[in-house]
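The primary structure of each chain is shown beneath.
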Amino acid sequence: MPLFRSHEPDAPTSPLDQALYSTREPGWMSGIRGEERPVTPGADTGVLAMVVLLLVLIGLNMRHVRRLLRTITQDLWSVRRRANAFDDHTAKESRTILILLLQLCCFEGILLYLWLGAPEATVSSGVFAPVGALAGLAALFYVFCLTGCVTVGYVFTDRVAAAQWRRGLNASSVLLGLFLSVPTLVSLFYPSVTGAMLWVAASLYVLSRIAYIAKGFRIFYNNFPSLLYFILYLCSLEIVPLFAVYLSAMEICKHF
């Protein structure tokens, strides 16, 4: 029987012929490309570490927190010009307020991320970066509110009334941070009720701003022209900045 040898002219030349004569690795040996696991804020190690650190700091200063809570209602509502002999504002109280304000900003960053419906991040990208950026935005908004409070108080009233209004801002912010701990933690660990918790958080924010604005109204109102000035304040420092914060938060989520 003659032995046939293949020569170069007999080799397949077209791509179809080459595909028919070539051997390739079976598909079951190469597998399927895996997809990265989505990560929610409640499963992100950076976000959880931030929350735990804040809770630990508050726990270590709980004695000063309890002392602060005994006088915070007076700072929130009272406009009495004569100081109480039992009022004690110390450096440790200022440190406690700073820690509680930091908690407020971080919790607002988490809730903003959840409220804006940001897409779930993956393991490689993480959630901590956008949440941290939103917390920084919340801190900038508080600094803006504090600056506006000090400026308006300096221009339109005396030093005592301006200090009362500033303490009202801190008191409303501290209470808001403490109350936001419940919807924030529930949203992190029970994502199915996040929508309801966001409504609770929004209601708490509105109530805190109403308390702060009501104290300002009691301090500044004395005649009809002062009412017009107060309405102008509401439009320029309470309503417009919220839209700016919303647009900035949307841009942050898009960037990450």
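Here is what the cut-offs are and how they apply
- Residues numbered from 1 in each chain as written.
- Predicted model: local features only at pLDDT ≥ 70, side-chain atom pairs only at ≥ 80, totals over all residues.
- Heavy atoms only, no water.
- Phe/Tyr/Trp six-rings, centres within 6.5 Å; stacked < 30°, edge-to-face > 60°.
- Helix = DSSP H or I, 4+ residues; strand = E, 2+ residues; numbered from the N terminus.
- Buried < 20%, exposed > 50% of the residue type's maximum accessible area, 1.4 Å probe, protein only.
- Expected span 1.5 Å × (residues − 1).
- 1 Å grid on protein atoms, 1.4 Å probe; cavity = no way out; pocket = protein on both sides within 12 Å on 5 of 7 lines; lining within 4 Å.
- Points joined across faces, edges and corners; volume = space filled by probe spheres on them.
- Nonpolar A, V, L, I, M, F, W, Y, C, P; charged D, E, K, R; others polar.
- Core = buried A, V, L, I, M, F, W, Y, C linked by side-chain atoms within 4.5 Å.
- Contact = heavy atoms within 4.5 Å.
- Polar contact = N/O pair within 3.5 Å; in protein donor to acceptor, adjacent residues only side chain to side chain.
- Patch = residues over 30% accessible without salt bridge, like charges linked within 9 Å, V, L, I, M, F, W, Y side chains within 5 Å.
- Areas by Shrake-Rupley, 256 points an atom, 1.4 Å probe, with all protein chains shown as cover.
- Salt bridge = Lys/Arg side-chain N within 4 Å of Asp/Glu carboxyl O.
- pLDDT = per-residue confidence, 0-100.

Applying the stated criterion across every chain, the model contains seven aromatic pairs. Aromatic pair Phe 217 and Phe 230: ring centres 5.6 Å apart, planes at 70°, arrangement edge-to-face. One end of the pair, Phe 217, is in helix 8 (residues 194-220); the other, Phe 230, is in helix 9 (residues 224-255), and 13 residues separate them in sequence. Its relative accessible area of 33% is what places Phe 217 among the partly exposed residues. For Phe 230, a relative accessible area of 8% puts it in the buried group. Geometrically, the ring pair formed by Phe 230 and Tyr 233 is tilted, given 5.5 Å between the ring centres and 45° between the ring planes. With a gap of three residues between them, Phe 230 and Tyr 233 both fall in helix 9, about one helical turn apart. Accessibility classification places Phe 230 together with Tyr 233 in one group, the buried group.

Turning to helix 8, a few remarks are in order. Its 27 residues place the ends of helix 8 39 Å apart at the C-alpha level, agreeing with the 39 Å of an ideal helix rising 1.5 Å per residue. Taken together, the buried positions of helix 8 are occupied by Thr 194, Met 197, Leu 198, Ala 201, Ser 208, Arg 209, Tyr 212, Lys 215, Gly 216, Ile 219 and Phe 220.

Here we come to empty space enclosed by the protein. Inspection of every chain in the model, using the stated rule, returns three cavities of 30 Å³ or more. Volume-wise, the largest cavity comes out at about 120 Å³. Lining of the largest cavity is provided by 13 residues; of these, Leu 104, Glu 108, Tyr 142, Ser 173 and Arg 209 occupy positions nearest its centre. Here the residues of the lining of the largest cavity sort into eight nonpolar, three polar and two charged.

Bringing the nonpolar core into the picture now. Formed by 53 residues in total, the largest nonpolar core has its most connected members in Ile 110, Leu 134 and Trp 165. Residue assignment for this core shows that the elements contributing at least two residues are helix 3 (45-60), helix 4 (62-77), helix 5 (91-115), helix 6 (128-156), helix 7 (159-189), helix 8 and helix 9. A total of 12 residues in this core trace back to one element, the largest contributor, which is helix 5. Each residue touching Trp 165, except ones within four places of it in the same chain, is listed here: Cys 149, Val 152, Gly 153, Tyr 212, Lys 215, Gly 216, Ile 219, Phe 220 and Tyr 233.

In this model, helix 3 (16 residues) spans 22 Å end to end at C-alpha, consistent with the 22 Å of a helix rising 1.5 Å per residue. A distance of 3.0 Å separates the backbone nitrogen of Gly 46 from a side-chain oxygen at the start of helix 3, and that oxygen is part of Asp 44.

Glancing now at a nonpolar patch on the surface. On the surface, a cluster of nonpolar side chains totalling about 630 Å² of accessible area is made up of Tyr 154, Val 155, Phe 156, Tyr 229 and Leu 232. Contributing elements (two or more residues each) for the nonpolar patch: helix 6 and helix 9. No other element matches the three residues that helix 6 contributes to the nonpolar patch. Position of Tyr 229 among the secondary structure elements: in helix 9. By relative accessible area, Tyr 229 is classed as exposed at 51%.

This brings us to the confidence of the model for the protein chain. Confidence in the prediction for the protein chain averages 81 pLDDT; 78% of positions are at 70 or higher. The low-confidence segment residues 3-8, where pLDDT is below 50, has one contact with residues more than four positions distant or belonging to other chains.

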